[in-house]
Amino acid sequence: MRSRREDLTMSTPTTTKQEALRSRMPNPLPFVPEMAVVGEGLHKVIKNGSIPQATIHLLQLRAGQMLDSTYFTIRETGNLRRIGESEERITAVATWRDAACFTDAERVALELVEAVLTPNPSGERVPDELYAKASAHYDDKAVWSLIMAIAHIGFFTPAALIAKPIPGMPPGQNYSE
């Protein structure tokens, strides 16, 4: 009879979970290289300095949560950690309305991404009141940058949900070949 310890040793996989993960599809760039141009343009806009990078990553994390995208959620959590955001703020994104750790401007950005991603059968997704709140915190360039940060997620959503890039892997290395 084997000991319990031997059973555990024998059942331990030889590959890590990360190594076992595979995307559904290969890297898209060999098939549609034009995607890189659009993606690069969106990246450039959201890094133009008119919106703090923390705000961009917070709203993109919230979008990832709303879309049930492990890829976006892990990517943006990592981005927020890399720029020094606290675990409290990262964790609180899911319940941002009740969390005291966000500025009014960040709250507007989070509210805006939720409005865009949530169908509203009885009216506009982004009513005039929400636009007015955003305009009170951000100038025209910054509002356009917020729009492009949301568009960035929108552009990559089909790839994240259909092709399923490997969460936690850097771009270009997040697809199985």
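From a predicted model like this one, the values you see are computed outputs, not experimental measurements.

This brings us to the overall build of the protein. Broken down by element type, the protein carries nine helices and zero strands. Put simply, the protein runs from its N terminus to its C terminus through helices and strands in the order α-α-α-α-α-α-α-α-α. Within the protein, buried positions represent 39% of all 177 residues. Considering only contacts within the protein whose residues lie at least 6 apart along the sequence, 66% involve residues at least 24 apart. Surface exposure of the protein reaches about 10900 Å², of which carbon and sulfur atoms provide 58%.

All right, on to the packing of aromatic side chains then. Summed over the entire model, instances satisfying the criterion amount to two aromatic pairs. A ring pair is formed by Y71 and F72, whose centres lie 5.8 Å apart and whose planes are at 55 degrees; its orientation type is tilted. You can call Y71 buried: its relative accessible area is 10%. Their ring planes at 85 degrees and their centres at 4.8 Å tell us that F155 and F156 sit as a pair that is edge-to-face.

Okay, the packing of helix 4 (residues 53-66) against helix 5 (residues 70-82) next. Between helix 4 and helix 5, the least distance of the axes is 8 Å, while the angle of their chain directions is 160 degrees. The orientation of helix 4 relative to helix 5 falls into the category roughly antiparallel. As helix 4 runs across helix 5, the sense of the crossing is left-handed. Residues A54, H57, L58, Q60, L61, G64 and Q65 of helix 4 touch helix 5, and the partners they reach there are F72, T73, R75, E76, T77, N79 and L80. Residue composition of the contact of helix 4 with helix 5, grouped by class: five nonpolar, seven polar and two charged.

Although it is not a glycine, D68 sits at a positive phi angle of roughly 55 degrees. By the element assignment, D68 lies in the loop between helix 4 and helix 5. One non-glycine residue, K164, lies in the positive phi region at around 50 degrees. Structurally, K164 is set in the segment after helix 9 (140-163). Assessed through its relative accessible area of 39%, K164 is described here as partly exposed.

Attention now goes to the nonpolar core. Counting 24 residues, the largest nonpolar core has I51, L59, F72, Y138 and L146 as the members making the most contacts within it. Elements with a contribution of two residues or more to this core: helix 4, helix 5, helix 7 (104-117), helix 8 (128-137) and helix 9. Not counting the four nearest positions on each side in its chain, F72 is found in contact with G64, L67, I153, F156, T157 and A160. In this structure, I90, V93, C101 and F102 belong to the second largest nonpolar core, which totals 11 residues.

What follows concerns helix 3 (residues 34-46). Here helix 3 spans 19 Å end to end across 13 residues, near enough to the 18 Å set by a 1.5 Å rise per residue. Among all positions of helix 3, only G39, L42 and I46 are buried. The buried residues of helix 3 occupy an angular sector of 60 degrees when projected down its axis, which confines them to one face. Seen from the buried face of helix 3, the exposed residues on the opposite side, beyond 90 degrees, are E34, V37, E40 and K44. In the core, the buried residues of helix 3 are packed alongside helix 4 and helix 9.

For the protein, per-residue confidence averages 88 on the pLDDT scale, and 89% of positions sit at 70 or higher. Within the protein, helix 1 (residues 4-11) has the poorest average pLDDT of any element, 41, and helix 6 (residues 87-92) the best, 98. Across residues 1-15, where pLDDT falls below 50, the model places three contacts with residues more than four positions away in sequence or in other chains.

The rules behind the values
Residues numbered from 1 in each chain as written. Predicted model: local features only at pLDDT ≥ 70, side-chain atom pairs only at ≥ 80, totals over all residues. Heavy atoms only, no water. Helix = DSSP H or I, 4+ residues; strand = E, 2+ residues; numbered from the N terminus. Buried < 20%, exposed > 50% of the residue type's maximum accessible area, 1.4 Å probe, protein only. Contact = heavy atoms within 4.5 Å. Areas by Shrake-Rupley, 256 points an atom, 1.4 Å probe, with all protein chains shown as cover. Phe/Tyr/Trp six-rings, centres within 6.5 Å; stacked < 30°, edge-to-face > 60°. Axes fitted to C-alpha atoms, helices over the stretch in contact; angles between N-to-C directions. Parallel < 35°, antiparallel > 145°, perpendicular 65-115°, else oblique. Left-handed = near helix turned anticlockwise from the far one by under 90°. Nonpolar A, V, L, I, M, F, W, Y, C, P; charged D, E, K, R; others polar. Core = buried A, V, L, I, M, F, W, Y, C linked by side-chain atoms within 4.5 Å. Expected span 1.5 Å × (residues − 1). Arc of directions from axis to C-beta. pLDDT = per-residue confidence, 0-100.

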